[in-house]
Amino acid sequence: MKPLSIRDIIGPVMVGPSSSHTAGALRIASMVRNLLQAEPAKATFTLFGSFAHTYRGHGTDRALVAGLLGLHTDDLRIRESFDLATERGLEFEFVPDTITKTPHPNTVEVAVTDVLGNQVLARGISIGGGAAELSRIDGVDVRITGEFSSMIVRQKDLPGTLAHIASTLGQAGINIGTSTLHRTRVGGDAFTVMDVDDPVPSEVIDKILEFPAVRSVRFIPADGLNRKIGEDSDEFDPEEALAAFRRLDFPSARKLLDFCERKNMSLSAAAELRERALLATKGTSDSAIEGYLSRVIEVMRASASAPVQQPAPSMGGLIGGEAAKLAALEAAGTGIGGTLVANATRNAVAVLETNAAMGLIVAAPTAGSAGVIPSVLLSLQTEHGFSDEQLICALENAAIVGSIIARNATVAGAEGGCQAEIGSAAAMAASAACELLGGTPRMCLTAAGFALANMLGLVCDPIGGLVEAPCQKRNAAGAVNALSAAQLALAGIEGKIPFDEVVDAMYKVGRSLPYELRETALGGMAACPSCANYCH
């Protein structure tokens, strides 16, 4: 799998309610938009797997239309994308296919006709955490992630074509990172997909099109917004960065812990070193880390506070107003658990209210679990007076723990159940809380193991296919679980099972869960008789 950055785990900043079903779906449609020669006029979205069962409740439908219109994942107009499409003359329809089996549960096929009459048929998958890939274009298998800028050339598979493309780019000073030829057969239709370091100007595209075998050229810009490193930067050069990243790309918690104990370094410091090296391999500045995480804290704080002051109903109508009720209970002084638990519970509930109303949240590591980490960190800040700079370090700590889970298991409910979402978020929050309160790296990973083990086997069963219930209350439970796990570790209580083995156990349990218990809204709480009214 591709190296995971802090943004991949603590992010994206997005409109709710689901990172894989909303943000990931939008990114698929956005990449398809870049394949068009003009504005889209008509689109048919055929949905498979989990997408087919829950696309309305997760906002997948609105997100797909929004991506085709050119909106970004943090644009609040996603909620009104249907109206916006009508204004722009885009006709669209959704076709759920619950029969056809696809390799990935979050799959959509997009058939688009632009205003000039050109047609594109593309298949995409949402791979979790807001990331997405195009896996097929016009019947040819490809792999386009959007991580790097990509140039896609449709051609006849004839001798000299690839040489012409490469030499044209070379003459224009455009470096090719990777190049892959996808073809139907020898001498048949083919696509050349090239990851390039810079935008490809229109005059270069025109020159590539002069070759008789080349039929079309499309350019998909990278998602990244990081700044390029200037000549006066004191960061690694790319070769040094790659060597450093290979040393710092910890494949397991054991390797991470060995490094931190050998260097007498916190998990957050190791995470920052790793991120600096990773960004430098891409030619981007590490100054982007702090700026991004500062924005993350702002969005987290707003998503946890807004519903208390201005309660709003969710898109599905299952939740809304719970945070205000909890605040009233706190004000009356009749709650239980003290201020820390009360704040954490309220904050977690509030973030899920924001998420379910398609407000702005931070997926951490997913949108469905977006309330756990902010509720823990913001509550600890209120209780102990931690600065935002200290919270940034805590987020780095959480990110490196989350990257180990994502690398060796999954954080997606459609693959591993709710244990993979809420459980992973609780593990990340427990580790971050432990470091904030002075815990060692070993204590942090012990806390993460406790929190994840406490949620082993938790199924993903959204009522009515909505990221609302029981998701909201599970976020609150995940936050309190994280605080309890951190408390145990800080007391010096050792876990019997290493964190890596807990992660492996979670993954095996997730793969053992029936399909109905992995985000399909077909089992668990979603199948209770009382839920029938919400499933239409």
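Everything that follows concerns the structure shown earlier in this document.
Residues numbered from 1 in each chain as written. Predicted model: local features only at pLDDT ≥ 70, side-chain atom pairs only at ≥ 80, totals over all residues. Heavy atoms only, no water.

Asker: Can you help me understand the nonpolar core in this one?
Answerer: Of all hydrophobic cores here, the largest spans 97 residues; its most connected members are Ile10, Val296, Ile373, Leu395, Val401 and Phe499. Among the elements that make up this core, the one with the highest residue count is helix H17 (residues 418–436) (13 residues). The contacts of Phe499, once residues within four sequence positions are left out, are Ala253, Val401, Ile404, Ile405, Ala427, Leu445, Ala448, Gly449 and Leu452. (Core = buried A, V, L, I, M, F, W, Y, C linked by side-chain atoms within 4.5 Å. Buried < 20%, exposed > 50% of the residue type's maximum accessible area, 1.4 Å probe, protein only. Helix = DSSP H or I, 4+ residues; strand = E, 2+ residues; numbered from the N terminus. Contact = heavy atoms within 4.5 Å.)

Asker: It is not clear to me how the sheet that holds strand E6 (residues 131–137) should be interpreted in this structure. Could you clarify?
Answerer: The strands making up a sheet associate through hydrogen bonds between their backbones, and the pairing can be parallel or antiparallel. Sheet architecture is open: six strands sit in the order E3-E2-E4-E5-E6-E7, paired in mixed fashion. Two strands lie at the open edges of the sheet, namely strand E3 (91–97) and strand E7 (140–144), each paired on one side alone. For this sheet, the mean inter-axis angle between neighbouring strands, taken without regard to orientation, is 25°. By the bridge criterion, eight bridges tie strand E2 (residues 40–48) to strand E4 (residues 106–114) in an arrangement that is antiparallel. Note on E4: the bridge partner recorded for Thr44 is Ala111. Against the sheet, helix H4 (residues 60–69) makes contact with E2, E3 and E4, and its axis sits at roughly 145° relative to E2, the strand it touches most. (Pairing = 2+ DSSP bridges. Axes fitted to C-alpha atoms, helices over the stretch in contact; angles between N-to-C directions.)

Asker: Which parts of the structure should I look at to understand the sheet that holds strand E11 (residues 214–220)?
Answerer: Strand order across the open sheet formed by four strands is E9-E10-E8-E11, with antiparallel pairing between neighbours. One side of each edge strand has no neighbouring strand; the edge strands of this open sheet are strand E9 (176–183) and E11. Between one strand and the next, the sheet's axes are offset by a mean angle of 15°, whatever the strand orientation. Bridge analysis of strand E8 (residues 149–156) against E11 gives six bridges, and the strand direction is antiparallel. Note that in E11 the partner of Arg154 across the bridge is Ser216.

Asker: Honestly, the pattern of salt bridges in this entry has me stumped. Any pointers?
Answerer: When the charged atoms of two side chains lie near each other, side chains of opposite charge can form a pair. Tallying each qualifying case throughout the model produces 16 salt bridges. Among the ionic pairs, Glu133 bridges to Arg143, the shortest N-O distance being 3.1 Å. You can see Glu133 sitting in strand E6 and its partner Arg143 sitting in strand E7, a full 10 residues away along the chain. Accessibility expressed as a relative area gives 11% for Glu133, which makes it buried. Asp189 serves as the salt-bridge partner of Arg215, at 2.9 Å between the closest nitrogen and oxygen. Within this pair, whereas Arg215 is found in strand E11, its partner Asp189 is found in strand E10 (residues 189–196), the two being separated by 26 residues in sequence. One network of salt bridges, with partners in common, ties together Asp249, Arg274 and Arg407. (Salt bridge = Lys/Arg side-chain N within 4 Å of Asp/Glu carboxyl O.)

Asker: Would you take a moment to explain the pairing of E10 for this structure?
Answerer: The side chains of a regular strand alternate between the sheet's two faces. Along E10, six of the eight residues are buried, which leaves the element largely enclosed by surrounding structure. Judged from the eight bridges that link them, E8 and E10 form a sheet pairing that is antiparallel. Within E10, the position partnered with Ile152 by the bridge is Val193. As paired strands, E9 and E10 are joined by seven bridges and run antiparallel to one another. In the strand pairing of E10, Arg183 is matched with Ala190. If you look at the hairpin formed by E9 and E10, you'll find five residues sitting between the two strands, and Gly187 has a positive phi there, around 80°.

Asker: Sorry, what's going on with the packing of aromatic side chains here?
Answerer: How two aromatic rings sit relative to each other is given by the distance of their centres and the angle of their planes. All told, the structure shown has six aromatic pairs when counted by the stated rule. Ring centres of Phe250 and Phe259 lie 5.1 Å apart, and the angle between their planes is 50°; on these two criteria the pair is classed as tilted. A single burial state applies to Phe250 and to Phe259, both of which are buried. The rings of Phe45, Tyr55, Phe82, Phe92 and Phe94 are connected pair by pair, giving a single aromatic cluster. Positioned over the ring face of Tyr515 is Lys101, at 5.6 Å from the centre of the ring. One Lys or Arg, Arg123, reaches over the ring of Phe48 and ends 4.8 Å from the middle of that ring. (Phe/Tyr/Trp six-rings, centres within 6.5 Å; stacked < 30°, edge-to-face > 60°. Lys NZ or Arg CZ within 6 Å of the ring centre and 35° of its normal.)

Asker: Please clarify how the side chain of Ser20 should be interpreted in this entry.
Answerer: Its place among the elements puts Ser20 in helix H2 (residues 19–33). Taking relative accessible area as the criterion, Ser20 reaches 5% and is therefore assigned buried. When residues no more than four places from it in sequence are discounted, the contact partners of Ser20 are Ala25, Phe51, Asn106, Ser126, Gly128, Gly130 and Glu519.

Asker: Can you help me understand the environment of Gly67 in this one?
Answerer: Inspection of the secondary structure puts Gly67 in helix H4. With relative accessibility at 0%, the residue Gly67 sits in the buried group. In this structure Gly67 touches Leu26, Ala29, Ser30 and Arg33, once residues within four positions along its chain are discounted.

Asker: Is there a simple way to explain the side chain of His58 in this structure?
Answerer: Relative to the elements of secondary structure, His58 occurs in the loop between helix H3 (49–54) and H4. Taking the relative accessible area as the measure of exposure, His58 reaches 1% and is therefore buried. Beyond its immediate chain neighbours, meaning those up to four positions away, His58 contacts Pro17, Ser18, His21, Thr22, Pro462, Gly465, Leu466, Val467 and Glu519.

Asker: When you look at the environment of Leu378 in this model, what are you seeing that I'm missing?
Answerer: Along the chain, Leu378 turns up in helix H14 (residues 372–384). Taking the relative accessible area as the measure of exposure, Leu378 reaches 9% and is therefore buried. On a C-alpha basis, the gap between Leu378 and Gly492 in space is 24 Å, while along the polypeptide they are 114 residues apart. Sequence-distant contacts of Leu378, that is, excluding residues within four places in its chain, are made with Met300, Arg301, Ala304, Asn347 and Leu391.

Asker: I would appreciate a short explanation of the packing of H2 against H4 in the present structure.
Answerer: Each pair of packed helices can be summarised by the angle the axes make with each other and by the distance between the axes. Two numbers describe how H2 lies on H4: the axes approach to 7 Å, and their chain directions differ by 30°. Relative to H4, the element H2 lies roughly parallel. In the packing of H2 onto H4, the handedness of the crossing is right-handed. Every residue of H4 that contacts H2 at His21, Thr22, Ala25, Leu26, Ala29, Ser30, Val32 and Arg33 is listed here: Thr60, Ala63, Leu64, Ala66, Gly67, Leu68 and Leu69. Looking at the contact of H2 with H4, its residues break down into nine nonpolar, five polar and one charged. (Parallel < 35°, antiparallel > 145°, perpendicular 65-115°, else oblique. Left-handed = near helix turned anticlockwise from the far one by under 90°. Nonpolar A, V, L, I, M, F, W, Y, C, P; charged D, E, K, R; others polar.)

Asker: Teacher, can you tell me more about unusual backbone geometry here?
Answerer: As a rule of thumb, non-glycine residues mostly have phi less than zero, and peptide bonds are mostly trans rather than cis. At the junction of Gly11 and Pro12, the peptide bond is cis and its omega measures out at 5° in the coordinates. Note that Pro12 resides in the loop between helix H1 (6–9) and strand E1 (13–15). Phi angles above zero are rare outside glycine, and Asp138 is one such case at about 50°. On the secondary structure map, Asp138 appears in the loop between E6 and E7. Even without being a glycine, Asn264 presents a positive backbone phi close to 55°. Tracing the sequence through the fold places Asn264 in the loop between helix H9 (253–263) and helix H10 (267–281).

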